[in-house]
Protein chains: 2
Amino acid sequence: MSVTAAAGFRAAGVTAGLKPSGKPDVALVVNDGPLHTAAAVFTTNRCKANPVLWSERTVADGKLEAVVLNSGGANCYNGPEGFQTTHASAELVAELLGGGAIDVAVCSTGLIGTLLDRPLLEDGIRAAVGELAADGGSAAATAIMTTDTRRKEAVVHGGDADGGWTVGGMAKGAGMLAPGLATMLVVITTDAVAERDTLDAALRQATRTTFDRLDTDGCMSTNDTVILMASGASGVEPDSAELAAAVQQACADLTRQLWTDAEGAHHDIEITVAGAESEEDAVAVGRAVARSNLFKAAVFGDDPNWGRVLAAVGTTDAVFEPDRIDIAINGVTVCRSGGTKAGDPAENVDMSARHVAVEIDLGAGAATATVLTSDLTHDYVHENSAYST
Amino acid sequence: MSVTAAAGFRAAGVTAGLKPSGKPDVALVVNDGPLHTAAAVFTTNRCKANPVLWSERTVADGKLEAVVLNSGGANCYNGPEGFQTTHASAELVAELLGGGAIDVAVCSTGLIGTLLDRPLLEDGIRAAVGELAADGGSAAATAIMTTDTRRKEAVVHGGDADGGWTVGGMAKGAGMLAPGLATMLVVITTDAVAERDTLDAALRQATRTTFDRLDTDGCMSTNDTVILMASGASGVEPDSAELAAAVQQACADLTRQLWTDAEGAHHDIEITVAGAESEEDAVAVGRAVARSNLFKAAVFGDDPNWGRVLAAVGTTDAVFEPDRIDIAINGVTVCRSGGTKAGDPAENVDMSARHVAVEIDLGAGAATATVLTSDLTHDYVHENSAYST
């Protein structure tokens, strides 16, 4: 159900022909209200795609009526014509639904640097409007997939028997998953009653510790967008902390789905850094390890190579002393006190499961953070050398 | 000839049995003087190997009599026993040659986290002392190889018929080649007469624009060491700028050898950033592109994917406007004004050669810099997943 799990939303996913594969490629999510509050976070990449440049403007007033999304083309770095295509999409949605283009956000994903076929896209939008349905969430989630192997949806229920409300979400990911947002398009909806500032705070808090800590390949996208919209259709106004917790849970759920379906990955690597002086230090150390191609290749080879972990830790500015660092891989403390004390044998580490837990204790404080990444595999190289994105 | 091309130096390379392959693994370079001035730069990784911790002390007074090097083990993160092995190596060299251990630098490369076999290493040192020869440079250069497929040597001559002098050098590289020094051991010798401060300035200036701009896999080593020693045996004291230029040339030569023999590489990628506001900006942009796994995988697939270049540029803090950036790949301007003007067709780019030139013009100033990297290949993944280093 994804985005239509929350009352007050309709969605659709159709095939417009933008993808050579002939798979669904245009999605539409419409907020029927009564509220139309919204918040969004975007890629911090300074080279932004046209739909990001447009959507930043649309959400500036905290109000959105709809989001139109396409796969099959990122609409990025293709000049004024590309921006006009984004704008025309929003105009068409507004015209068909009755409203202003400035309340229609646009998201695109796919190949950078080529033009989207505007007539095909517009026909797709018309078809999507015709298919809008209160159970259209899964069709929308399917239409935004690129190299994703699975549709990504999340639903979280809040409130109680006297007044329930729901948060629903969909996401696409696969490649270019990195800091300050992965290459992802995410739409989250709720039928809770919430002001724009409440939504904005909830979304920023949630993305900071979920999507922002997923770093599968160190590459930051030009198109990342996470949108949260509230319809208020449940008539229930939850406590802001309660709503924030539900949004956080939906984001965390989608993040794990993105993580476990990253391009070419054979192992999902969960790097938990403890004993840090600050959370920033813990994140910096986790990210440095998540970006070590050598460590990621070792994990692909089922080699619990803690020397490569320690070498990556050493590249950071975090507070630590090398001879106080412990490293455990899948529960086996392979490195104790930075190697100055005997670690347990690497042979004891079972690397056969897809999930690999790396626990780094810096011995410098009480802060902790977890960063999620993937191993570096032949399939990753293959997908990204043979497939232009 | 490498390090023995300069007069006043003897060298040797022997097989001590540290490498399971039975290939040469212990090298010794001895400065017979009359001068014994020296300078060195080391990894900026905060988790340093035992030989780095030791060698930093030995060179602190600007004097070295010898350098002993081993492959077959990094002697890193293995506790007090490992440091004692480093110290014992220096002691043994000093005892056999007559001198103080504090004038003997030690370099190690190979697997992190395991102990070196001290008796084997000591036997190797004894054998190396016995084989020291004025033409032993190539044997030494061979003994420091790990996954290198070729020995790396450089020779630069300075001066004129009235007074010539020479700079010679050797290097090992292959993997973990990244910022603030690649995983490299480099020994450079000269028979010029030069004070320690002259050597230090020449070496720092040279490494800043050569080894420091090689970033094959974004991974910084724990053992990187570049040592420059002067014997003064030519009796000629060149102008400091002249000596610096020769050292620079030797470092640049060795850098290119490291670059073109990087682990698993199929393409050598030369990223030249022009039009930057500052040299720092140019280096930051070059390095960001050099670390984009997606771009590097695209190059492996012979895909001149400029969108991934621009996406990497956008992650930096450099001064630029996205719509002023031009990108040429192998001479074809595939991206003009950040895609706002039509680029030349990507089909015109010939990617068949091993060398790939990426030229990025930021349109923001007059500064320029070049960063060297490699493509991301199946062979890189294979070597680093199947082989523990």
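Residues numbered from 1 in each chain as written. Chains lettered and ligands numbered in written order. Predicted model: local features only at pLDDT ≥ 70, side-chain atom pairs only at ≥ 80, totals over all residues. Heavy atoms only, no water.

**Some words on the overall build of chain A**
Condition: Put simply, DSSP H or I for four residues or longer makes a helix, DSSP E for two residues or longer makes a strand, and each gets a number counted from the N terminus. Our radius of gyration looks at C-alpha atoms and nothing else; its globule reference is 2.2 Å times the residue count to the power 0.38. For each residue, the accessible area found with a 1.4 Å probe, counting protein chains only, is set against the maximum for its type, and the residue is called buried under 20%, exposed over 50%, and partly exposed in between. Contacts are assigned to residue pairs that have any heavy atoms within 4.5 Å of one another. In these tables, accessible area is a Shrake-Rupley quantity obtained with a 1.4 Å probe, and a residue counts as shielded only by the protein chains included in the view.
From N to C terminus, chain A includes 10 helices and 14 strands. Relative to its length of 389 residues, chain A is compact, with a C-alpha radius of gyration of 22 Å against a globular reference of 21 Å. Summarising its shape, the C-alpha atoms of chain A cover approximately 70 × 50 × 35 Å along the three principal directions. Per-residue burial for chain A yields a buried fraction of 62% across its 389 residues. Within chain A, contacts between residues at least 6 apart in sequence are counted, and of these 79% link residues at least 24 apart. Within the structure as shown, chain A displays about 12700 Å² of accessible surface, and the carbon and sulfur contribution to it stands at 49%.

**A few points about the pairing of strand β3 (residues 37-42) of chain A**
Sheet faces and side chains relate simply in a regular strand, where the side chains alternate between the two faces. Residues and elements named next belong to chain A. Quick reminder of the rule: Two strands are counted as paired when DSSP detects at least two bridges linking them.
In terms of residue burial, β3 counts as a mostly covered element, since 6 of its 6 residues are buried. Neither face of β3 is open: one carries Thr 37, Ala 39 and Val 41, the other Ala 38, Ala 40 and Phe 42, and all of them are buried. Bridge analysis of β3 against strand β9 (residues 225-230) gives 6 bridges, and the strand direction is antiparallel. Note that in β9 the partner of Phe 42 across the bridge is Thr 225.

**A closer look at the interface of chain A and chain B**
Put simply, the rule reads: When two parts are brought into contact, each loses some accessible area as probed by a 1.4 Å sphere; the total of that loss over both is the buried area. A side-chain nitrogen of Lys or Arg and a carboxyl oxygen of Asp or Glu constitute a salt bridge if their distance falls within 4 Å.
Tallying the contact residues gives 50 residues for chain A and 50 residues for chain B. The contact between chain A and chain B buries some 4000 Å² in all, and 59% of this surface belongs to carbon and sulfur atoms. When residues of chain A are sorted by the area they lose upon contact with chain B, Arg 46, Tyr 77 and Leu 294 of chain A head the list and together hold 17% of the total. Counting the contacts that link chain A with chain B gives 0 salt bridges.

**A closer look at the pattern of salt bridges**
Residues and elements named next belong to chain A. In total, this model carries 28 salt bridges over all chains according to the counting rule given. Measuring nitrogen to oxygen at the nearest pair gives 3.1 Å for the salt bridge that ties Asp 123 to Arg 126. You can see Asp 123 and its partner Arg 126 sitting in helix α3 (residues 118-131), 3 residues apart, about one turn around the helix. Looking at Asp 123, the relative accessible area reads 47%, which means it is partly exposed. Among the residues examined, Arg 126 registers a relative accessible area of 41% and is labelled partly exposed. Here the salt bridges share partners, and the residues they tie into one network are Lys 63, Glu 65 and Asp 103.

**Observations regarding the packing of helix α1 (residues 50-58) of chain A against helix α2 (residues 79-97) of chain A**
All names here are of chain A. Put simply, the rule is: Here, axes are lines fitted to C-alpha atoms. For helices the fit covers the stretch in contact, and angles between N-to-C directions go from 0 to 180 degrees. Every angle not falling under 35 degrees, over 145, or within 65 to 115 is termed oblique; those three ranges are roughly parallel, roughly antiparallel and roughly perpendicular. Crossings are sorted by hand: turned counterclockwise from the far helix by less than a right angle, the near helix makes the crossing left-handed, and turned clockwise it makes it right-handed. Ten residue types, Ala, Val, Leu, Ile, Met, Phe, Trp, Tyr, Cys and Pro, are classed as nonpolar, four, Asp, Glu, Lys and Arg, as charged, and the remainder, Gly among them, as polar.
It is at 9 Å that the axes of α1 and α2 come closest, and there the two elements cross at 45 degrees. Viewed along their axes, α1 and α2 adopt a mutual orientation that is oblique. In terms of crossing hand, the pair formed by α1 and α2 is right-handed. Each of Asn 50, Pro 51, Leu 53, Trp 54 and Arg 57 in α1 lies in contact with α2, whose residues at this interface are Gly 79, Gly 82, Phe 83, Thr 86, His 87 and Ala 90. Taken together, the residues that form the contact of α1 with α2 break down as 5 nonpolar, 5 polar and 1 charged.

**Section: the sheet that holds strand β8 (residues 185-190) of chain A**
Hydrogen bonds along the backbone pair up the strands of a sheet, which may run parallel or antiparallel. Residues and elements named next belong to chain A. One open sheet holds the 5 strands; their spatial order is β3-β9-β8-β7-β6, and the pairing between them is mixed. One side of each edge strand has no neighbouring strand; the edge strands of this open sheet are β3 and β6 (152-160). With direction set aside, neighbouring strand axes in the sheet form an average angle of 10 degrees. As defined by bridge partners, β6 adjoins strand β7 (residues 163-172) across 9 bridges and the pair is classed as antiparallel. For Val 156, the partnering residue across the bridge sits in β7 and is Val 167.

**Points about the relation of the copies chain A and chain B**
Threshold: Least-squares fitting of one copy onto the other uses the C-alpha atoms of those residues that reach a pLDDT of at least 70 in both copies.
The two copies are related by a screw motion: chain A maps onto chain B through a turn of 180 degrees and a shift of 0.0 Å along the axis, at an RMSD of 0.0 Å. The relationship between the two copies is best expressed as a two-fold rotation axis. The rotation axis passes nearest to the C-alpha of His 378 of chain A in chain A, at a distance of 2.8 Å. Comparing contact sets, 100% of the residues at the interface of chain A also lie at the interface in chain B, consistent with an isologous, same-surface contact.

**Some words on the side chain of His 36 of chain A**
Residue and element names in this part refer to chain A. Inclusion rule: In protein, a polar contact means a hydrogen-donor-capable atom and an acceptor-capable atom, both N or O and within 3.5 Å, with residues adjacent in sequence counting only if both atoms are side-chain atoms; elsewhere, any N or O pair within 3.5 Å suffices.
Looking at where His 36 falls in the secondary structure, it is placed in the loop between β2 (26-31) and β3. At a separation of 3.1 Å, a polar atom in the side chain of His 36 contacts the main-chain carbonyl oxygen of Asn 31. Setting aside residues up to four positions removed in sequence, His 36 forms contacts with Asn 31, Gly 62, Lys 63, Leu 64, Glu 65 and Ala 230.

**Some thoughts on the domain arrangement of chain A**
Residues and elements named next belong to chain A. Put simply, the rule is: Residue ranges assigned to the domains are those given by an automatic or database domain assignment.
Taken domain by domain, chain A consists of domain 1 (2-259) and domain 2 (268-386). Spacing between the C-alpha centres of domain 1 and domain 2 amounts to 33 Å. With 14 residues of domain 1 at the interface, the matching set in domain 2 holds 18 residues. Overall, the association of domain 1 and domain 2 removes approximately 1300 Å² of surface from exposure, summing both partners, and the carbon and sulfur fraction of that is 43%. Taken as a group, Arg 213, Asp 215 and Trp 259 account for 57% of the area that domain 1 buries against domain 2, more than any other trio of residues on that side. For Glu 279, the salt bridge identified is with Arg 213, shortest N-O distance 2.5 Å.

**Remarks on the sheet that holds strand β14 (residues 367-374) of chain A**
Residues and elements named next belong to chain A. Overall, mixed pairing links the 5 strands, which are arranged β12-β11-β13-β10-β14 in an open sheet. Two strands lie at the open edges of the sheet, namely β12 (332-335) and β14, each paired on one side alone. Across this sheet, the average inter-strand angle for adjacent strands is 25 degrees, counted without regard to direction. Strand direction decides the pairing type here: strand β11 (residues 326-329) and strand β13 (residues 355-361), joined by 4 bridges, are antiparallel.

**Section: unusual backbone geometry**
Following Gly 33 of chain A, the chain continues to Pro 34 of chain A via a peptide bond in cis, the omega torsion being 15 degrees. Checked against the element boundaries, Pro 34 of chain A lands in the loop between β2 and β3. One non-glycine residue, Tyr 77 of chain B, lies in the positive phi region at around 55 degrees. Turning to its location among the elements, Tyr 77 of chain B is positioned in the loop between β4 (66-70) and α2 (80-97).

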